[in-house]
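One letter stands for each residue in the lines below.
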Amino acid sequence: MVAPGLETALTDELSALGARPRAQTGGAVFEADTDLLYRIHLHSRIAARVRVRVGEFAATTLEALGAAVRRLPWDRFVHPRQPVKVEVASHRSRLRHREAVARKAEHAIRDAARVPRRTDAGRPPTDAVGVLIRIEDDRAEVSVDASGDLLHRRGWRREHVGAPLRENLAAACLWLAEWSPGEALLDPVCGSGTFAIEAATIALARPPGAGRTFAFHGWPSFDADAWTRVLAEPPEEAVTPRLFASDRDPKAITVARANARRAGVEQAVRFEVRDLAAAVAPAPTGLVIANPPWGGRIKGELEAMELLSRALRGPLAGWRWALLAPRHIVPHRLGLTCEPIARFNDGGVDVVLHGGGPSGATPP
Ligand SMILES: C[S@@+](CC[C@H](N)C(=O)[O-])C[C@H]1O[C@@H](n2cnc3c(N)ncnc32)[C@H](O)[C@@H]1O
């Protein structure tokens, strides 16, 4: 699962992790063995959630749906007496009453997973297993949430200022901007530091899922040996990064530093309180990546965009850049020559990632 518009970034990343994905609106479909499922949780920076498809069948009545759900191998995913939460989406189908479908399926799953196994001891887990049933043209597709908490919650951003960008969206922007750890990177409106911290963890080869517990860890079929094996796979080579992040708000810099410390990358980023009006180039070339404040959430949207565009034509003229802005803000009007790299939805706002070359030149 990913924000619609970022499917290509997701499929590229999944391919690099060894999957053979097919893009679908808001996500990608692929076959995975246990190691690949675990590897994607450990390493994917762009995915928001992974679901495992448990079954697919035709269903036009509640009874038929209940019976088909009951036949699926729930003992792999659900402990006896463990709560189950079923979400339902239905399009062009006779089974339209989502509440009734959810109740029927929950009942069927509890029934199927009722028999305790010899290895089950003590109380059942209290976390509900998330199940999604999508019904389209009278065909139901049943899947189980393998992730639990959304994957962008890496664990280090416990504090934030203003309107922070989700970590997986920041990672998608870095991917789409084709940033590689050898290139200097500057976020001159860094807020909570998401771009720079995400970049630092990439450069230092720190997997985003290390130290996390995912929903699949609680499944009866969890394979501890496979998880250990995936954790032991050799990491990418670490690169000494050149990362710079600044903001005019001293509180933002304090928060960004604290987030970087929690991510274990504080030494890898040079944080600084600095207004865009006084921007300086910390290296001759590199990538400026930023989501300047926009209307509705933080005041002064054009002021920051204007200052940024001046900096990109002035002290940062040797740098290429990628700017995330809502659709109604057009960098061309600010004197920047650029091309749209991607369009997606960020928390209900349609945004465009624009890219430009040094001195405002259009990228090749
Ligand atoms: C949308 S937030 C950036 C969010 C950030 N990408 C994150 O994930 O936390 C915009 C930031 O721009 C900063 N800002 C606004 N005007 C600025 C200026 N003139 N110079 C430097 N920073 C500025 C604000 O203080 C705010 O922290």
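Note that the structure is predicted; figures quoted are calculated from it, not measured. (Residues numbered from 1 in each chain as written. Predicted model: local features only at pLDDT ≥ 70, side-chain atom pairs only at ≥ 80, totals over all residues. Heavy atoms only, no water.)

Some thoughts on the overall build of the chain
Part 1 of the reasoning: When you go through the chain residue by residue, the secondary structure sums to nine helices and 13 strands.
Part 2 of the reasoning: The C-alpha atoms of the chain give a radius of gyration of 23 Å, which matches the 21 Å a tight globule of 364 residues would have.
Part 3 of the reasoning: Dimensions of the chain along its principal axes, counting C-alpha atoms only, are 70 × 45 × 35 Å.
Part 4 of the reasoning: Here the chain holds 364 residues, and the buried ones make up 51% of them.
Part 5 of the reasoning: Partitioning the intrachain contacts of the chain with sequence separation of at least 6 by distance along the chain shows that 75% fall at a separation of at least 24.
Part 6 of the reasoning: For the chain, the accessible area works out to roughly 17,700 Å², and carbon and sulfur atoms hold 49% of it.
Part 7 of the reasoning: In the chain, 49 positive and 43 negative side-chain charges are present, and the distance between their average locations comes to 4 Å. (Helix = DSSP H or I, 4+ residues; strand = E, 2+ residues; numbered from the N terminus. Rg over C-alpha atoms; globule rule 2.2 N^0.38 Å. Buried < 20%, exposed > 50% of the residue type's maximum accessible area, 1.4 Å probe, protein only. Contact = heavy atoms within 4.5 Å. Areas by Shrake-Rupley, 256 points an atom, 1.4 Å probe, with all protein chains shown as cover. Lys, Arg positive; Asp, Glu negative; His and termini not counted. Charge placed at Lys NZ, Arg CZ, Asp CG, Glu CD.)

Some words on the domain arrangement of the chain
Part 1 of the reasoning: When its domains are assigned, the chain resolves into domain 1 (7–145) and domain 2 (167–204 + 239–360).
Part 2 of the reasoning: Computed from C-alpha atoms alone, the centre-to-centre distance between domain 1 and domain 2 is 37 Å.
Part 3 of the reasoning: At the junction of the two partners, domain 1 supplies eight residues and domain 2 supplies nine residues.
Part 4 of the reasoning: The junction of domain 1 with domain 2 conceals about 640 Å² of combined surface from both sides, 62% of it contributed by carbon and sulfur atoms.
Part 5 of the reasoning: On the domain 1 side of the contact with domain 2, Ala9, Arg45 and Ile46 bury the most area, a combined 77% of that side's loss. (Domains from an automatic or database assignment. Buried area = accessible area lost by both parts, 1.4 Å probe.)

Some details on the site of the ligand
Part 1 of the reasoning: Near the ligand lie 20 residues; those nearest to it are Ser192, Thr194, Asp247, Leu276 and Asn291.
Part 2 of the reasoning: Note that a nitrogen atom of the ligand is positioned 3.2 Å from one of the backbone N or O atoms of Arg248.
Part 3 of the reasoning: For the ligand, whose unbound accessible area comes to 600 Å², protein coverage reaches 95%.
Part 4 of the reasoning: Of the residues in the shell around the ligand, the class split is 11 nonpolar, four polar and five charged. (Near = heavy atom within 4 Å. Polar contact = N/O pair within 3.5 Å; in protein donor to acceptor, adjacent residues only side chain to side chain. Nonpolar A, V, L, I, M, F, W, Y, C, P; charged D, E, K, R; others polar.)

Structural notes on the nonpolar core
Part 1 of the reasoning: Residues Phe57, Leu65, Val69, Trp74, Val86, Val131 and Ile133 are the most contacted members of the largest nonpolar core, which totals 111 residues.
Part 2 of the reasoning: Both of domain 1 (7–145) and domain 2 (167–204 + 239–360) provide at least three residues apiece to this core.
Part 3 of the reasoning: Once residues lying within four places of it in the same chain are set aside, the contact partners of Val69 are Phe57, Trp74, Ala105, Ala108, Ile109 and Ile133. (Core = buried A, V, L, I, M, F, W, Y, C linked by side-chain atoms within 4.5 Å.)

As for the packing of helix 3 (residues 62–70) against helix 4 (residues 98–112)
Part 1 of the reasoning: Contact pair helix 3 / helix 4: the axes reach a minimum separation of 8 Å and the direction vectors enclose 35°. Between helix 3 and helix 4 the crossing geometry is right-handed. Where helix 3 approaches helix 4, its residues Leu62, Glu63, Leu65, Gly66, Val69 and Arg70 are matched on the opposing element by Ala100, Val101, Lys104, Ala105, Ala108, Ile109, Asp111 and Ala112.
Part 2 of the reasoning: Grouping the constituent residues of the contact of helix 3 with helix 4 by class yields nine nonpolar, one polar and four charged. (Axes fitted to C-alpha atoms, helices over the stretch in contact; angles between N-to-C directions. Left-handed = near helix turned anticlockwise from the far one by under 90°.)

Focus on the environment of Arg154
Part 1 of the reasoning: Of note, Arg154 is situated in the loop between strand 6 (139–145) and helix 5 (167–176).
Part 2 of the reasoning: Residues Arg154 and Thr25, 129 residues apart in the sequence, show an inter-C-alpha distance of 24 Å.
Part 3 of the reasoning: The contact partners of Arg154, leaving out residues within four places of it in the chain, are Ser44, Arg45, Glu167, Asn168, Ala171, Glu198, Pro208 and Arg212.
Part 4 of the reasoning: Reaching out from Arg154, the side chain makes a polar contact with the backbone oxygen of Leu151 at a distance of 3.0 Å.

Some points on the environment of Phe244
Part 1 of the reasoning: As for its position among the elements, Phe244 is in strand 8 (residues 243–247).
Part 2 of the reasoning: For Phe244, a relative accessible area of 11% puts it in the buried group.
Part 3 of the reasoning: Contact partners of Phe244, with chain neighbours within four places excluded, come to Ala184, Leu185, Leu186, Asp187, Arg270 and Pro282.

A short note on the sheet that holds strand 8
Part 1 of the reasoning: In space, the seven strands of this open sheet follow the order 9-8-7-10-11-13-12, with mixed pairing throughout. The sheet terminates laterally at strand 9 (269–273) and strand 12 (339–346), the two strands that pair on one side only. Ignoring which end each strand starts from, the neighbouring axes of this sheet average 20° apart.
Part 2 of the reasoning: Strands strand 7 (185–187), strand 10 (287–290), strand 11 (320–326), strand 12 and strand 13 (349–356) of the sheet are contacted by helix 5, whose axis makes an angle of about 165° with strand 12. (Pairing = 2+ DSSP bridges.)

Brief notes about the environment of Arg274
Part 1 of the reasoning: Locating Arg274 in the fold gives a position in the loop between strand 9 and strand 10.
Part 2 of the reasoning: Relative accessible area serves as the criterion here: at 22%, Arg274 is assigned to the partly exposed category.
Part 3 of the reasoning: As for Arg274 and Ala48, which are separated by 226 residues in sequence, their C-alpha atoms are 32 Å apart.
Part 4 of the reasoning: When neighbours within four sequence positions are excluded, Arg274 is seen to be in contact with Ser246, Asp247, Arg248, Ala279 and Val280.
Part 5 of the reasoning: Among the polar contacts listed, one links the side chain of Arg274 to the backbone oxygen of Ala278, at a separation of 2.7 Å.

Description of the sheet that holds strand 5 (residues 129–136)
Part 1 of the reasoning: Taken in spatial order, the four strands make up an open sheet running 3-6-5-4, and their pairing is mixed. In this open sheet, the two strands that pair with only one neighbour each are strand 3 (51–58) and strand 4 (84–91). On average, adjacent strands in this sheet sit at an angle of 20° to one another, irrespective of strand direction.
Part 2 of the reasoning: Summarising the sheet, strand 4 and strand 5 pair through eight bridges and their orientation is parallel. Bridged to Val86 within strand 5 is Val131.
Part 3 of the reasoning: Against the sheet, helix 4 makes contact with strand 4 and strand 5, and its axis sits at roughly 140° relative to strand 4, the strand it touches most.

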